[in-house]
Amino acid sequence: AQLVAETDVVVENYRPGIAEALGLDWTALRALHPRLIYVAIRAFGETNPEWGSRPGYDLILQSVGGAASFNGHPGNPPARSGLPSADLITGLETVKAVLLALLHRERTGEGQRIVVNMMAAQGAALVYHASRQSVTGECEIQRGNAHRGLMPYDLYPCSDGWLAVACGNDRMWQRLRNALGLPDRLDWRHNLGRLAHRDAIDAALRTALGAMTVAAADRLLTAVNVPVGPVNDVAGAMANPALELIELIDDVLGAVALPGPALHTKSTRSVHAAPPGLGAERDQILAELGISELTIESLGDRGAFGR
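Anyway, here's the lowdown on the structure attached to this text. Computed from a predicted model, the values in this text were never measured in an experiment. (Residues numbered from 1 in each chain as written. Predicted model: local features only at pLDDT ≥ 70, side-chain atom pairs only at ≥ 80, totals over all residues. Heavy atoms only, no water.)

## Description of helix α9 (residues 170-180)
The criterion, for reference: Here the term buried applies to any residue with accessible area under 20% of the maximum for its type, exposed to any over 50%, and partly exposed to those in between, with areas from a 1.4 Å probe on protein chains only. We count a stretch as a helix when DSSP gives it H or I for four or more residues in a row; a strand needs E for two or more, and each element gets its number in order from the N terminus. For this quantity, the arc is that covered by the directions from the helix axis to the C-beta atoms. It only takes one pair of heavy atoms within 4.5 Å for two residues to be counted as in contact. Residues adjacent in sequence count toward polar contacts only when both atoms are side-chain atoms; beyond that, a polar contact is any pair of N or O atoms within 3.5 Å, and within protein one must be able to donate a hydrogen and the other to accept it.
When we look at burial in α9, the residues that qualify are M172, W173, L176, R177 and L180. Viewed end-on, α9 has its buried residues packed into an arc of 130°, placing them on one side of the element. Opposite the buried face of α9, by more than 90 degrees, sit the exposed residues R171 and N178. For α9, the elements touching its buried residues are β5 (162-166), α10 (191-196), α11 (198-210) and α12 (214-223). The distance from a side-chain oxygen at the start of α9 to the backbone nitrogen of R171 is 3.1 Å, and the residue carrying that oxygen is N169. Backbone geometry just after α9 places G181 at a positive phi near 70°.

## Observations concerning helix α6 (residues 85-108)
This is how the line gets drawn: In a helix, the anticipated span is given by 1.5 Å times the number of residues less one.
Over its 24 residues, α6 extends 34 Å from the first C-alpha to the last, a length consistent with the 34 Å expected when each residue adds 1.5 Å. Taken residue by residue, α6 has S85, A86, T90, T94, A97, V98, A101 and R105 as its buried positions. Where α6 is buried, its residues contact β1 (9-12), β2 (37-42), α4 (58-64), β3 (112-117) and α7 (118-124). Looking one or two places after α6, you find G109, whose phi comes out positive at around 80°.

## With respect to unusual backbone geometry
For the bond from M151 to P152, the omega torsion is 0°, close enough to zero to count as cis. Counting through the fold element by element, P152 comes out in the loop between α8 (127-136) and β4 (153-157). A positive phi angle, near 35°, is found at V127, a position not held by glycine. The backbone of N225 sits at a positive phi, close to 65°, despite the residue not being glycine.

## What to know about the pattern of salt bridges
Let me state the cut-off plainly: We define a salt bridge as a side-chain nitrogen of Lys or Arg found within 4 Å of a carboxyl oxygen belonging to Asp or Glu.
In the structure shown here, the tally under the stated rule is 13 salt bridges. With a closest N to O distance of 2.7 Å, R143 and E140 form a salt bridge. Its relative accessible area of 15% is what places E140 among the buried residues. Here R185 and D187 are joined by a salt bridge, their closest N and O atoms 2.8 Å apart. For D187, a relative accessible area of 31% gives the class partly exposed.

## Some thoughts on the sheet that holds β3
Going by this rule: DSSP calls a pair of strands paired once it identifies at least 2 bridges connecting them. Working convention: axes come from line fits to C-alpha atoms, limited for helices to the stretch in contact. Angles between N-to-C directions cover 0 to 180 degrees.
If you trace the 3 strands from one edge of the open sheet to the other, you get β1-β2-β3, paired in parallel fashion. Each end of this open sheet is capped by a strand with a single partner; those strands are β1 and β3. Each strand of the sheet is rotated relative to its neighbour by a mean of 15°, with strand direction disregarded. Of the pairings in the sheet, the one linking β1 to β2 comprises 4 bridges and is parallel in character. Paired with E12 across the strands is A40, a residue of β2.

## Looking at the nonpolar core
Threshold: Definition of nonpolar core: a set of buried residues of the types Ala, Val, Leu, Ile, Met, Phe, Trp, Tyr and Cys, connected through side-chain atoms within 4.5 Å.
Judged by nonpolar contacts, the single largest core of 22 residues is most densely connected at L163, L176, L180 and L209. Looking at this core element by element, the count peaks at 5 residues for α11. In this view, L180 contacts L205, A208, L209, M212, L220 and L221; residues no more than four positions away in its chain are not counted. Ranked by size, the runner-up nonpolar core spans 13 residues in total, among them V39, A43, V98 and I114.

## Observations regarding the side chain of E12
Here E12 is to be found in strand β1. The exposure class assigned to E12 is buried, which follows from its relative accessible area of 6%. Separated by 2.8 Å, the side chains of E12 and R42 make a polar contact.

The following block contains the structure:
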């Protein structure tokens, strides 16, 4: 209760009913702090009785939310994204919810309870796949790394790795074609024609790029302003100069390099401390609230901090 009184935001992602059983629900906490912002993350929201009580992990949300059905190459089983996309999108939606609620409270003085629906977050990520299905009734299918509406837009093998090529318009195609010495066919000059001749163009690109290293192909096509890039592993991505790394000093692990913030504001810190270990600051925080050492020990004995 004392912690809640000094808290701006509470975020919980229990299954429905658990927070109430623990006395940590919105009604109970709001009575202690009327300006509290309370965010409840639910796998399938709270409005549907059939789905609202179901638990959800990233794999479940990617699957029920449609994304796993079109991930992967044609003819293969459904596949989840290697990134936990449903979890990550939900996290971003939660941050947005907190910021909007803080702004509202700044203007009105009101706290509020917000439900972040993971299924809705995953649904929003379907973007043009969802709109196409709604308008035309057509469901997206597995396309591997290819793009439905742009050509060439894929990953191509070079002699020592893979190169991503994203040809976004006809002018880019002419620069790409010229740089690689591909034929200037009339039926390839426009994107619709290239889509109709996808297999032939893919074969021509594989032949041209397959004779080059990734670095050479990357330099050549970047020089003529065609969007390309090497397919890096995680180590290669972290070595890219466009990705700022920050260093944390952990008591156990020592120096750890991690991807830094994607944006910088006036308050962005240049020095980052490692997060505390589980329960590392517990006794200090409770002591600051006026709870005696004897009481803290008694709470621990009764399982208040887990076992």
